[in-house]
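Observations on the model geometry
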Amino acid sequence: MLKKAIVLIYDGLGDRPVDSFGGLTPLEYAKTPNFDKLASRAECGLMHTLGRGFRPGSDTSHLAIFGYAPAEYYPGRGPIEVAGIGLKMADGDVAFRGNLGTVDENMVIQDRRAGRIRDVEPLTKALDGLEIDGVTLIAKPGTAHRAGVVLRGEGLSSAVTDADPHEVGQAVWEVKPTDDSPEAKRTAQILNKFVAKTHDVLNKLEFNKERQSRGDLPGNCLLVRGAGQYRSFPSFKERFGFSACCVAGGGLYKGVGAFLGMDIIDVPGATALPDSDIEAKFKTSFKQLDSHDFIFIHVKAADSLGEDGNPEGKAEFIAKCDKAMALFNNLPKDTLLAVTADHSTPCELKQHSADPVPVMFYGEGVRVDDVTEFGERACAKGSLGHIEGKDIMPQVQNLMGRLHLIGA
Ligand code: ZN
């Protein structure tokens, strides 16, 4: 009987026919004996992650796969990124993605990343806990110039524009409400006051004076974007009864895992880039099976290579992933493996598309079909047929004998 599950998601794996590959996709073109071996012992299909005709974002598609309908649960990018840096949110918090940047005396951006500052902890520490009109600013360091920012207080709204103008040479934007609610108006006013106040605090900071004396740019402005309001909801464990963990390199995916209440497992060498140590991720995941029922593994780079319009690089990366897939030959007998992608990122388009992605379920009790290759067109002939992201967790639960009986 299956007791554990691994859901392995290759970001942006799906693609379209590439002329220079004789009309094959990068996944079809790459040498993938290990993917194919698994597929030949698996139940396969195609997945329209958000349903037909919906072009998935990475965050929304992951939520859908884990059983959280984006229309109901997607809070915007802010809360997901903030969860990923380990910041716990409370009901009603408004969360933002943040950068520590450099502005001149007129609040015009000189550098959005404060001279590629490596550690913003001294800066966020100076801002964390500032209060305006009964609202507290919570700021925690992310990687490099990034920070997670939360506004906590009564009567807030995420219906506000960004302060980050996203461009050097532009003045920091005045935050405006995007609806007519008093909450949005109040949040915009408070946020504008915070932008000014954080600039004052940061400008006076000894840490920045030292940076300047060394010729480095000061991190003297907190640039926020991607507002989203956090509403508490049942965690993954509460929904499905699985103690779950997330093995990912990219911040957004750690964010999705943390947002759903999964434990975040850091793997040295997991970079979310083509050089990522995928074998290390898989080995770490196998170890986590001792303490977790459910492992979410995320592998990023196929998506980035698709966005670069680089089919050769994508096929090469897929072949590298395939080598690591050999480790699944030793998958424990009580463990289910699902392999899929969150969406397609065709090299031709250099962006996400709604083209469905291959999916396979491998493990004891699975009704193996005739598919012998893990590819977009091969999996179209699989017995799962066309499914959606929301069908993944019911399939996992069913194979593991965890679905409730309807009726008698
Ligand atoms: Zn993605």
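In this text, all values refer to a predicted model and were calculated from it rather than measured experimentally. (Residues numbered from 1 in each chain as written. Predicted model: local features only at pLDDT ≥ 70, side-chain atom pairs only at ≥ 80, totals over all residues. Heavy atoms only, no water.)

1. Side note on the layout of surface pockets
There is about 860 Å³ of room inside the largest pocket. In terms of lining, the largest pocket is formed by 34 residues, of which the most central are Glu-81, Arg-146, Gly-250, Gly-251 and Leu-252. Secondary structure elements with two or more residues in the lining of the largest pocket: helix 3 (58-65), helix 5 (77-84), strand 3 (94-103), strand 7 (146-152), helix 10 (251-259) and helix 12 (301-307). In this structure, the second largest pocket encloses a volume near 250 Å³. Taken together, 16 residues line the second largest pocket, and the ones lying closest to its centre are Lys-88, Met-89, Tyr-230, Ala-258 and Phe-259. Here the residues of the lining of the second largest pocket are counted per class, giving 11 nonpolar, 3 polar and 2 charged. Of the residues that make up the lining of the second largest pocket, three or more belong to each of domain 1 (4-73 + 232-399) and domain 2 (81-228). (1 Å grid on protein atoms, 1.4 Å probe; cavity = no way out; pocket = protein on both sides within 12 Å on 5 of 7 lines; lining within 4 Å. Points joined across faces, edges and corners; volume = space filled by probe spheres on them. Helix = DSSP H or I, 4+ residues; strand = E, 2+ residues; numbered from the N terminus. Nonpolar A, V, L, I, M, F, W, Y, C, P; charged D, E, K, R; others polar. Domains from an automatic or database assignment.)

2. Focus on the domain arrangement of the protein chain
Considered domain by domain, the protein chain is made up of domain 1 (4-73 + 232-399) and domain 2 (81-228). Here the C-alpha centroids of domain 1 and domain 2 sit 34 Å apart. Across the contact, 7 residues belong to domain 1 and 4 residues belong to domain 2. Counting each side, the surface lost to burial between domain 1 and domain 2 is near 410 Å², with a carbon and sulfur contribution of 60%. The tally of links from domain 1 across to domain 2 stands at 0 salt bridges. Counting the contacts that link domain 1 with domain 2 gives 1 residue pair in polar contact (both at pLDDT 80 or more). Considered class by class, the residues forming the side of domain 1 that touches domain 2 number 3 nonpolar, 3 polar and 1 charged. (Contact = heavy atoms within 4.5 Å. Buried area = accessible area lost by both parts, 1.4 Å probe. Salt bridge = Lys/Arg side-chain N within 4 Å of Asp/Glu carboxyl O. Polar contact = N/O pair within 3.5 Å; in protein donor to acceptor, adjacent residues only side chain to side chain.)

3. Some words on the packing of aromatic side chains
Summed over all chains, the structure comprises 18 aromatic pairs. Residues Phe-236 and Phe-240 carry aromatic rings whose centres are separated by 5.0 Å and whose planes lie at 50 degrees to one another, so their mutual orientation is tilted. One end of the pair, Phe-236, and the other, Phe-240, are both in helix 9 (residues 236-240), 4 residues apart, so they sit about a helical turn from each other. Across this residue pair, the class does not change: Phe-236 and Phe-240 are buried. A network of ring pairs unites the aromatic residues Phe-66, Phe-236, Phe-240, Phe-242, Phe-294 and Phe-296 as a single cluster. Residue placement shows Arg-239 over the ring face of Tyr-68; its charged tip is 4.6 Å from the ring centre. (Phe/Tyr/Trp six-rings, centres within 6.5 Å; stacked < 30°, edge-to-face > 60°. Buried < 20%, exposed > 50% of the residue type's maximum accessible area, 1.4 Å probe, protein only. Lys NZ or Arg CZ within 6 Å of the ring centre and 35° of its normal.)

4. Looking at the environment of Asp-11
Looking at the secondary structure, you find Asp-11 in the loop between strand 1 (4-10) and helix 1 (26-29). Contacts of Asp-11, omitting those with residues within four sequence positions, involve Ser-58, His-62, Tyr-253, His-298, Val-299, Lys-300, Ala-302, Asp-303, Asp-342 and His-343.

5. Let's talk about the sheet that holds strand 1
Pairing between the strands of a sheet comes from backbone hydrogen bonds, and it takes one of two forms, parallel or antiparallel. If you walk across this open sheet you meet the 8 strands as 10-9-11-1-12-13-2-14, and the pairing is mixed. Looking at strand neighbours, the two that pair on one side only are strand 10 (263-265) and strand 14 (385-388), the edges of this open sheet. Geometrically, the sheet is characterised by an average inter-axis angle of 25 degrees between neighbouring strands, direction not taken into account. The pairing of strand 2 (residues 43-48) with strand 13 (residues 357-362) spans 5 bridges and is antiparallel. Looking at the pairing, Met-47 lines up with Val-357 of strand 13. Of the strands in this sheet, strand 1, strand 9 (244-247), strand 10 and strand 11 (294-299) touch helix 11 (residues 278-288), which is tilted by about 175 degrees from strand 11. (Pairing = 2+ DSSP bridges. Axes fitted to C-alpha atoms, helices over the stretch in contact; angles between N-to-C directions.)

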